[in-house]
Amino acid sequence: MSQATATVQQLPIKSVLNDINVFLMEYESNDTKKEYLRDIKEFYQFIHGKELSSLTKDDITHVHGDKMLKNHIIPYVNHLLKKNTSDTVNRKISSMKALYREFKGYGYDVDNSIFSVKIPKSVSTGYDVLRPDEAEIMADLALGERYHGDQLHCFILLSATTSIRVDALLSIELKDIHFNSEQNYYTVNVIDKRKSVVEAP
């Protein structure tokens, strides 16, 4: 075997799993990476019954020999709605939409608009509560918005951290943010309902 042949055979083979890992590396938060990875695994397990390491490029673009289209995504959405709120399903689908947007840039023949599926609102008797990692993922997704993504990102993190109502948060000015040198953190002071003063870290 020639040295040139040996060198070629030692080069790593480009794989779907490698491309998924490249996509995940774009996010700094480990929680965001874990949530995205969980969403991606769940999707391909439902669509193909495969682990990520077994995926082929054809699995990214086709389902049972047919081009992957929106009608393949809808059954998956209905499957998710059986055990998740509409907000959680929306987040999971947004994860896949973001992945397929990157896949297109990697040279795959895909269209991420197939994940633009209308998700019915959950009927709830109370408020849905986001976990901290879900709030962080929502904030990261906001950065991809066409307009004011950085502002939306900060607003979501601020509301998740302080638990202050949206109307009150929108009234915040720079003078309302104070640094507590003794405890080494910032506090936000706002006027909320009935002119009550709310202070939150």
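An account of the accompanying structure is given in this report.

Rules and cut-offs
- Residues numbered from 1 in each chain as written.
- Predicted model: local features only at pLDDT ≥ 70, side-chain atom pairs only at ≥ 80, totals over all residues.
- Heavy atoms only, no water.
- Helix = DSSP H or I, 4+ residues; strand = E, 2+ residues; numbered from the N terminus.
- Contact = heavy atoms within 4.5 Å.
- Areas by Shrake-Rupley, 256 points an atom, 1.4 Å probe, with all protein chains shown as cover.
- Axes fitted to C-alpha atoms, helices over the stretch in contact; angles between N-to-C directions.
- Parallel < 35°, antiparallel > 145°, perpendicular 65-115°, else oblique.
- Left-handed = near helix turned anticlockwise from the far one by under 90°.
- Salt bridge = Lys/Arg side-chain N within 4 Å of Asp/Glu carboxyl O.
- Buried < 20%, exposed > 50% of the residue type's maximum accessible area, 1.4 Å probe, protein only.

Further remarks concern the overall build of the protein chain. Looking only at helices and strands, the protein chain has nine helices and five strands in total. In the protein chain, the order of α-helices and β-strands from amino to carboxyl end is α-α-α-α-β-β-α-α-α-α-α-β-β-β. Of the contacts formed within the protein chain by residues at least 6 apart in sequence, a portion of 52% connects residues at least 24 apart. Accessible area for the protein chain stands at about 13,300 Å²; split by element, carbon and sulfur atoms hold 53% of it.

Attention now goes to the packing of helix α2 (residues 16–24) against helix α6 (residues 86–105). Axis separation between α2 and α6 bottoms out at 10 Å; the angle between their running directions is 110°. Considering the angle they form, α2 stands roughly perpendicular to α6. The two elements α2 and α6 meet at a crossing, and its hand is right-handed. Facing Val16, Asp19, Ile20 and Phe23 of α2, the residues of α6 in contact are Ser95, Ala98, Leu99, Glu102 and Phe103.

Turning to the environment of Asn30, a few remarks are in order. Checked against the element boundaries, Asn30 lands in helix α3 (residues 30–48). The spacing of Asn30 and Asp133 is 103 residues in sequence and 9.3 Å in space, taken between C-alpha atoms.

The next point concerns the pattern of salt bridges. For the coordinates displayed, the defined rule picks out eight salt bridges. Taking the shortest distance from any N to any O, the salt bridge between Asp39 and Lys92 comes out at 3.3 Å. Taken as a pair, Asp39 in helix α3 and Lys92 in helix α6 lie far apart in primary sequence, 53 residues in all. In this structure, Asp39 and Lys92 share a single accessibility class: buried. A salt bridge links Glu42 to Lys92, with the shortest nitrogen-to-oxygen separation between them at 2.9 Å. With Glu42 in helix α3 and Lys92 in helix α6, the pair connects residues that are 50 residues apart, well separated along the chain. With respect to class, Glu42 is no different from Lys92; both count as buried.

Shape descriptors only; they carry no functional weight alone.
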